[in-house]
Amino acid sequence: MKIHEKYINRCIQLAQNGLGTTYPNPMVGSVLVYKENIIGEGWHRAAGEPHAEVMAIRSVKNRDLLKKATIYVSLEPCSHYGKTPPCSDLIIASGIKKVIIGTIDPFAKVAGKGIKKLMDAGCEVTLGVLDKECQALNKRFFTFHKKQRPYIILKWAQTRDGFIAPETRDSRKPVWITGALSNQLVHKWRSEEQGILIGTNTAVEDDPKLNTRLWDGPDPTRIIIDKNLRTPIDSCVYDQSVKTIFICAKHQAKDVQIDQGKHQLIFAEIDFEAEIASQICEILCRHEIQSVIIEGGTRTLQTFIQAGLWDEARIFTGNIDFKSGVKAPEFQGNFKEQYRTGVDTLMIYSND
């Protein structure tokens, strides 16, 4: 089993190259091994492109070795036709007889069907090698398909004395608590998640772009909770540079008129007298958003904390004090890790 773990671990390493680019597909890595030597490897790069198993098989120079090789894959090979043919069919057609799988795919169209197809074709299948690690790799994908909601990351920056914003400000722009290194790290995180969510006050007071201008990666879908659509029409979030969803009260959306742009601008209505966080999760699921990073402010963050709808909290503490202002959210979580990012401290918590 230890030798299997070695190669599944390599699959996980390869799969991580696809973080932020494979949505709505999971990240998957695969290696082909002959006499304890890797003869081929690959990972899934983007939806619509070849899957990890295809890339691994294509990379093998001596095709005669395929029938003698073992294929390792971090997630169950697919068994259905999507944008690409089933990987289980390719494995069978290639004459590969030994298949080692990290974990079962929770997606209903796969969910054990790929394994059954392989076994019915006479393949020797081993399942559950580094199962927890393989599920953790695709925590967004698993949360979306098992819990029918996005994987939710809370993020905020606070001062040493526990404030996330000052009482007053001189202009309509953010007041920075953290340094340049932390700010760049946040933009990297944005490129890894499908959505980014803020509340009305943040949209009105900071006029944020919510993009990845400090990192080379895809911009997330912007989600703004704006009950009465108070965000000024000339705000950055209205620029249609990226798909943007406004969460508003009923009968508000029809009052907004904007020019046709490159990307969608969507107004989704919810009942603000009912539980807000779960309604937002339902909307994000309809838009197939598997993960969202919530960047504030306190009221928005607290809404998801009180509903218990969060998976990670990433909290920066800057090297400054405000002495008064908007207090940071209150929450309880399981401490996981602590880092230094320049002059700032970053603490990671989980909700498990």
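Each value, and the rule that gives it
Residues numbered from 1 in each chain as written. Predicted model: local features only at pLDDT ≥ 70, side-chain atom pairs only at ≥ 80, totals over all residues. Heavy atoms only, no water. Pairing = 2+ DSSP bridges. Helix = DSSP H or I, 4+ residues; strand = E, 2+ residues; numbered from the N terminus. Axes fitted to C-alpha atoms, helices over the stretch in contact; angles between N-to-C directions. UniProt positions renumbered as here; feature names shortened; annotations may be inferred. Contact = heavy atoms within 4.5 Å. Domains from an automatic or database assignment. Buried area = accessible area lost by both parts, 1.4 Å probe. Salt bridge = Lys/Arg side-chain N within 4 Å of Asp/Glu carboxyl O. Polar contact = N/O pair within 3.5 Å; in protein donor to acceptor, adjacent residues only side chain to side chain. Buried < 20%, exposed > 50% of the residue type's maximum accessible area, 1.4 Å probe, protein only. Right-handed = clockwise from strand over helix to strand, strands pointing away. Phe/Tyr/Trp six-rings, centres within 6.5 Å; stacked < 30°, edge-to-face > 60°. Lys NZ or Arg CZ within 6 Å of the ring centre and 35° of its normal.

Asks: Sorry if this is basic, but what is going on with the sheet that holds strand E15 (residues 334-341) here?
Replies: Hydrogen bonding along the main chain pairs the strands of a sheet, whether they run parallel or antiparallel. Strand order across the open sheet formed by nine strands is E11-E10-E9-E8-E12-E6-E13-E16-E15, with mixed pairing between neighbours. Only two strands of the sheet have a single neighbouring strand rather than two, namely strand E11 (265-270) and E15. Ignoring which end each strand starts from, the neighbouring axes of this sheet average 20 degrees apart. Sheet analysis places strand E6 (residues 151-158) next to strand E12 (residues 291-294), joined by four bridges and oriented parallel. Pairing of Ile152 across the sheet is with Val292, part of E12.

Asks: Would you mind showing me how to read the UniProt feature "binding site: NADP(+)" (unreviewed entry) in the chain here?
Replies: As annotated in UniProt, the feature "binding site: NADP(+)" (unreviewed entry) corresponds to Ala157, Trp176 and Thr202 in the numbering used here. In three dimensions, the annotated residues from a span of 46 residues occupy one location, with a maximal C-alpha spread of 13.3 Å. Looking at the element boundaries, Ala157 is found in strand E6. With residues near it in sequence (within four places) discarded, Ala157 still touches Phe163, Ile164, Ile177, Thr178 and Phe316. Excluding residues that lie within four positions of it along the chain, Trp176 makes contacts with Asn183 and Ile320.

Asks: Before we go on, may I ask you to explain the sheet that holds strand E2 (residues 37-43) in this structure?
Replies: Across the sheet, five strands lie side by side as E2-E1-E3-E4-E5; this open sheet has mixed pairing. The sheet terminates laterally at E2 and strand E5 (124-127), the two strands that pair on one side only. Between one strand axis and the next, the sheet turns by 20 degrees as a mean value, whatever way the strands run. By the bridge criterion, four bridges tie strand E4 (residues 98-103) to E5 in an arrangement that is parallel. Bridging across to E5, Val99 finds its partner in Val125.

Asks: What's the story with the domain arrangement of the chain in this structure? I'm lost.
Replies: Often, the extent of an interface is quoted as the loss of accessible area on bringing the components together. Partitioning the chain into domains gives domain 1 (3-141) and domain 2 (148-350). Contact residues are listed per partner, giving seven residues for domain 1 and ten residues for domain 2. Summed over both sides, the interface between domain 1 and domain 2 buries roughly 820 Å², with carbon and sulfur atoms accounting for 51% of that surface. The largest per-residue losses of area from domain 1 upon contact with domain 2 belong to Tyr23, Lys139 and Arg140, which jointly make up 63% of the total buried on that side. Where domain 1 packs against domain 2, one counts two salt bridges. For Arg140, the salt bridge goes to Glu193, with nearest N and O atoms at 2.8 Å. At the boundary of domain 1 with domain 2, the tally comes to five residue pairs in polar contact (both at pLDDT 80 or more).

Asks: Sorry if this is basic, but what is going on with the environment of Lys155 here?
Replies: Its place among the elements puts Lys155 in strand E6. Lys155 sits in the buried class, given a relative accessible area of 12%. Apart from the residues within four sequence positions on either side, Lys155 is in contact with Val186, Trp189, Ile293, Ile294, Glu295, Gly296, Leu301, Arg314 and Phe316.

Asks: How should I be thinking about the pairing of strand E3 (residues 70-75) in this particular structure?
Replies: Residues in a regular strand point their side chains to alternate faces of the sheet. Across the six residues that make up E3, a large majority, six, are buried. By the bridge criterion, five bridges tie E3 to E4 in an arrangement that is parallel. Among the inter-strand pairings, Thr70 is bridged to a residue of E4, identified as Lys98.

Asks: Even after reading the chapter, I still don't get the pairing of strand E9 (residues 221-225), so can you show me in this structure?
Replies: With five of five residues buried, E9 is to be regarded as a mostly interior element. Going residue by residue along E9, you find Thr221, Ile223 and Ile225 tucked away on one face and Arg222 and Ile224 tucked away on the opposite face as well. Here strand E8 (residues 195-199) runs beside E9; their pairing, made up of five bridges, is parallel. Along E9, the bridge assignment pairs Gly199 with Ile225. Once you follow E8 into helix H8 (residues 200-206) and on to E9, the crossover reads as right-handed. Pairing between E9 and strand E10 (residues 244-249): four bridges, direction parallel. Within E10, the residue paired with Ile223 across the bridge is Ile245.

Asks: Can you walk me through helix H10 (residues 298-307) in this structure?
Replies: Side chains of residues three or four places apart in an α-helix project in the same direction, reflecting 3.6 residues per turn. Residues of H10 that are buried include every one of Thr298, Thr300, Leu301, Gln302, Phe304 and Ile305, and no others. At the C-terminal side of H10, Gly308 shows a positive phi close to 70 degrees.

Asks: Which parts of the structure should I look at to understand the environment of Glu205?
Replies: Structurally, Glu205 can be placed in helix H8. Residues Glu205 and Val175, 30 residues apart in the sequence, show an inter-C-alpha distance of 10.0 Å.

Asks: Even after reading the chapter, I still don't get the packing of aromatic side chains, so can you show me in this structure?
Replies: To describe a pair of aromatic rings, one takes the distance between the centres and the angle between the planes. Considering all chains together, one arrives at nine aromatic pairs under this definition. With a centroid separation of 6.4 Å and 75 degrees between ring planes, the pair formed by Phe141 and Phe142 is classed as edge-to-face. On the basis of relative accessible area, Phe141 is assigned to the buried category, the value being 4%. Considering the side-chain rings of Phe331 and Tyr349, the 5.1 Å spacing of their centres and the 90 degrees angle between planes classify their relative orientation as edge-to-face. Remark: Tyr349 occurs in strand E16 (residues 344-350) and Phe331 occurs in the loop between strand E14 (326-327) and E15; sequence separation between them is 18 residues. The exposure class of Tyr349 is buried, given its relative accessible area of 16%. The ring of Trp189 has Arg314 sitting right over it, with the charged end atom 4.6 Å from the ring centre. Taking NZ or CZ as reference, Lys327 lies 4.9 Å from the ring centre of Phe163, over its face.

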